[in-house]
Amino acid sequence: MPTTTKFRTWTPRKEDLSSGEWYVVDATGQTLGRLASSIARILRGKHKPTYTLHQNMGDSVVVVNSAKMVVTGGKLDDKVYTRYTGYPSGLRTRSLRRQLELDATVPLVHAVEGMLQRNTLGGEQLHRLHVYAGAEHPHKAQRPKLITFDEKGDIRVA
């Protein structure tokens, strides 16, 4: 007769979830894609030992100086952002260089959005991303911690 075990997988409940930490990331001199993947990891909560795929475990991230990000190679002219207006012949494209001139926050938000889940959970996670082109941000009341990322994308609290 087979024996049954009483091992159970622990899953956090809503009362176990914390309200989340706030982090500030300075994008000065950081590569767009590497920065976006590290931010997406924090938004999803994968840096926590209690990470659960189907629950909103992540923290809030404030990115400052997004206008000072760098991209490698010829991406400034080769990378194209496309949108559709909804009208016939309404396909509009602009290069990364032009997008950075108009709004320097859009490329980072677009990159992080592409790395999150494509469901309501991913939308909730994206709402916790706050990107600013300059050095000032209005989230000082949340007392965010300044962090940096190492070569692997791991968090280092400054």
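Before any of the text, the structure's been laid out above.
Residues numbered from 1 in each chain as written. Predicted model: local features only at pLDDT ≥ 70, side-chain atom pairs only at ≥ 80, totals over all residues. Heavy atoms only, no water.

A. Here's a closer look at the pairing of strand 3 (residues 80-84). In this sheet, strand 4 (residues 91-95) lies alongside strand 3 in antiparallel orientation, the contact comprising five bridges. Residue pairing for strand 4: Tyr-81 is matched across the bridge by Arg-94. Where strand 3 hands over to strand 4, the hairpin turn is made up of six residues, of which Gly-86 adopts a positive phi near 105°. (Pairing = 2+ DSSP bridges. Helix = DSSP H or I, 4+ residues; strand = E, 2+ residues; numbered from the N terminus.)

B. Here's a closer look at the sheet that holds strand 1 (residues 22-26). Taken in spatial order, the five strands of this open sheet run 5-2-1-6-7, and their pairing is mixed. Of all the strands in the sheet, just strand 5 (129-131) and strand 7 (155-157) have a single pairing partner and so form its edges. Sheet twist, expressed as the mean angle between neighbouring strand axes with direction ignored, is 30°. As paired strands, strand 1 and strand 6 (residues 145-149) are joined by three bridges and run parallel to one another. The residue bridging Val-24 from the neighbouring strand is Leu-146, located in strand 6. Where helix 1 (residues 32-44) meets the sheet, its contacts fall on strand 1, strand 2 (60-64), strand 5, strand 6 and strand 7, and the angle it forms with strand 6 comes to roughly 130°. (Axes fitted to C-alpha atoms, helices over the stretch in contact; angles between N-to-C directions. Contact = heavy atoms within 4.5 Å.)

C. View of unusual backbone geometry. The phi angle at Asn-65 is positive, at roughly 60°, despite the residue not being glycine. Along the polypeptide, Asn-65 turns up in the loop between strand 2 and helix 2 (75-78). For Arg-143, which is not glycine, the phi dihedral falls at a positive 50°. Turning to its location among the elements, Arg-143 is positioned in the loop between strand 5 and strand 6. Among the residues examined, Arg-143 registers a relative accessible area of 70% and is labelled exposed. (Buried < 20%, exposed > 50% of the residue type's maximum accessible area, 1.4 Å probe, protein only.)

D. Geometry of the pattern of salt bridges. The full count for this structure, using the stated rule, is six salt bridges. For Glu-21, the salt bridge is made with Lys-145, and the minimal N-O distance between the two is 3.2 Å. Here Lys-145 lies in strand 6 and Glu-21 lies in the segment before strand 1, a separation of 124 residues in the sequence. Note on Glu-21: relative accessible area 34%, which makes it partly exposed. A salt bridge links Arg-156 to Asp-150; the shortest N-O distance between them is 3.9 Å. In this structure Asp-150 comes out as buried when scored by relative accessible area, which is 19%. (Salt bridge = Lys/Arg side-chain N within 4 Å of Asp/Glu carboxyl O.)

E. Structural context of the environment of Asp-103. Following the sequence through the fold, Asp-103 ends up in the loop between helix 3 (96-102) and helix 4 (106-114). In the structure, Asp-103 is positioned 30 residues away from Ala-133 in sequence and 7.9 Å away in space, judged by C-alpha atoms.

F. Summary view of the packing of aromatic side chains. With the rule as written, the count across this model stands at zero aromatic pairs. One residue, Lys-79, lies across the ring of Tyr-81, its end atom 5.3 Å from the ring centre. (Phe/Tyr/Trp six-rings, centres within 6.5 Å; stacked < 30°, edge-to-face > 60°. Lys NZ or Arg CZ within 6 Å of the ring centre and 35° of its normal.)

G. Broad picture of the packing of helix 1 against helix 4. Contact geometry of helix 1 with helix 4 gives a least axis separation of 9 Å together with a crossing angle of 55°. The orientation of helix 1 with respect to helix 4, classified from their angle, is oblique. Read as a crossing pair, helix 1 and helix 4 show a hand that is right-handed. Within the contact between the two elements, helix 1 uses Leu-32, Leu-35, Ala-36, Ile-39, Ala-40 and Leu-43 and helix 4 uses Pro-107, Leu-108, Ala-111 and Val-112. Across the contact of helix 1 with helix 4, the residue classes tally to 10 nonpolar, no polar and no charged. (Parallel < 35°, antiparallel > 145°, perpendicular 65-115°, else oblique. Left-handed = near helix turned anticlockwise from the far one by under 90°. Nonpolar A, V, L, I, M, F, W, Y, C, P; charged D, E, K, R; others polar.)

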